[in-house]
Amino acid sequence: MARRNGVSPPRTRSEEVYRAALRLFREKGYHATSMQDIAAAVGLYKGSLYHYIGGKEDLLVQVFERAMGTLLADVERIVADTSLGPSAQLRLIVQAHVSCVADNLDALTVYLHEFRALAGESLAKVRAQRDRYAQLVAETVGRGVRLGEFETADVGIATLGLLGMCNWLCQWYQPGGRLGPAQIGGYFADLVLGGLVRPTASNRKPARPMSRRTRE
């Protein structure tokens, strides 16, 4: 957003409505938040809200699209860059996911808690976006296995483990806490890659010799 004399211009009314709804969805839950609650939060009559939104579900769709849109675009770009090996790609994906959660904490929290509140076409669109992201991660893990860089008995489980670890950040991350997003992302990436990267002759741990009792 452009600045003039170092001061940010005021948000549009539509953006104020979105921000108020996002805060209320996180604090009270989607179903417990009424249109009257949202109107009161921005100083409007309930009927006036419909000049800015089509309804409460439209606001939730906006939350979901903003929560996943940037992350999906970033991961599409990472996976498309085949000059990167699977390990480098997966590290960037984890770091992008962690950064997205940290930068959009309210939106991602609402996304994870209220995913099933949508129905019909809106749900199908959001689900397709979610499934596409999981597919990109799985393709990266699968590529690593095919190239002999990764070793896992189940690409699907490895993918779900990565996504679950990153998504759970919503439950405990505190802005300004002991670790920032870059540090957390690096640590998470180390954990994921530590479990996937195939041991080589140089990094494989030596086999423990059998004890005399075992041999007997």
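In this report, we go over the structure that sits alongside the text. Remember, it's a predicted structure, so these values are computed and weren't measured experimentally.

Throughout the structure, instances matching the rule amount to 3 aromatic pairs. Taken together, a centroid distance of 5.2 Å and an interplanar angle of 65° make the contact between F25 and Y30 edge-to-face. The same class applies to F25 as to Y30, namely buried. Each ring, one from F64 and one from Y111, has its centre 5.0 Å from the other, and the planes form 75°; the classification is edge-to-face. In this pair, F64 sits in helix α3 (residues 56–80) while Y111 sits in helix α5 (residues 105–114), placing the two residues 47 residues apart along the sequence. Of the residues examined, F64 reaches a relative accessible area of 0% and is grouped as buried. Judged by relative accessible area, Y111 falls into the buried class, the value being 5%. Sitting above the plane of the Y30 ring, K56 keeps its charged end 4.4 Å from the centroid. Cation over ring: R66 sits above Y18, and NZ or CZ is 3.7 Å from the ring centre.

Two elements in contact, α3 and α5, have axes separated by 9 Å at closest approach and are oriented at 115°. As for how α3 packs across α5, the hand of that crossing is left-handed. From α3, L60, V63, F64, A67 and M68 reach across to α5, where they touch A107, L108, V110, Y111 and E114.

All right, on to helix α6 (residues 120–146) then. The α-helix winds at 3.6 residues per turn, so residues separated by three or four positions along the chain end up facing the same way. Over its 27 residues, α6 extends 37 Å from the first C-alpha to the last, a length consistent with the 39 Å expected when each residue adds 1.5 Å. All buried positions along α6 are accounted for by L123, V126, Q129, Y133, L136, V137, T140, V141, G142 and G144. Contact partners of the buried residues in α6: α3, α4 (86–103), α5, α7 (155–167) and α9 (181–196). Of the residues one or two after α6, G148 is the one with positive phi, at around 80°.

In this section: the nonpolar core. Counting residues in each nonpolar core, the largest one holds 62 residues, and the members touching the most others are F25, I38, L90 and Y133. Broken down by element, this core gets its largest block of residues, 12 residues, from α3. Discounting residues that sit within four places of it in the chain, F25 has contacts with Y30, T33, I38, K56, L59, L60, V63, V110 and E114.

By the definition in use, this model includes 11 salt bridges. With a shortest N-O distance of 2.4 Å, D106 and R26 are connected by a salt bridge. In this pair, D106 is assigned in helix α5 and R26 in helix α1 (residues 13–28), connecting sequence segments 80 residues apart. One salt bridge connects D190 with R91, and the closest N-O pair in it is separated by 2.7 Å. Pair noted here: D190 is in helix α9 and R91 is in helix α4, with a separation of 99 residues, a long-range link.

Moving on, we come to the layout of surface pockets. Here the largest pocket defines a volume of roughly 290 Å³. Y111, L112, R130, L163 and N167 are, among the 13 residues lining the largest pocket, the residues nearest its centre. Of all the elements in the fold, those that place two or more residues in the lining of the largest pocket are α5, α6 and α7. No other element matches the 4 residues that α7 contributes to the lining of the largest pocket. Classifying every residue of the lining of the largest pocket by side-chain character gives 8 nonpolar, 3 polar and 2 charged.

Rules of the game
Residues numbered from 1 in each chain as written. Predicted model: local features only at pLDDT ≥ 70, side-chain atom pairs only at ≥ 80, totals over all residues. Heavy atoms only, no water. Phe/Tyr/Trp six-rings, centres within 6.5 Å; stacked < 30°, edge-to-face > 60°. Buried < 20%, exposed > 50% of the residue type's maximum accessible area, 1.4 Å probe, protein only. Helix = DSSP H or I, 4+ residues; strand = E, 2+ residues; numbered from the N terminus. Lys NZ or Arg CZ within 6 Å of the ring centre and 35° of its normal. Axes fitted to C-alpha atoms, helices over the stretch in contact; angles between N-to-C directions. Left-handed = near helix turned anticlockwise from the far one by under 90°. Contact = heavy atoms within 4.5 Å. Expected span 1.5 Å × (residues − 1). Core = buried A, V, L, I, M, F, W, Y, C linked by side-chain atoms within 4.5 Å. Salt bridge = Lys/Arg side-chain N within 4 Å of Asp/Glu carboxyl O. 1 Å grid on protein atoms, 1.4 Å probe; cavity = no way out; pocket = protein on both sides within 12 Å on 5 of 7 lines; lining within 4 Å. Points joined across faces, edges and corners; volume = space filled by probe spheres on them. Nonpolar A, V, L, I, M, F, W, Y, C, P; charged D, E, K, R; others polar.

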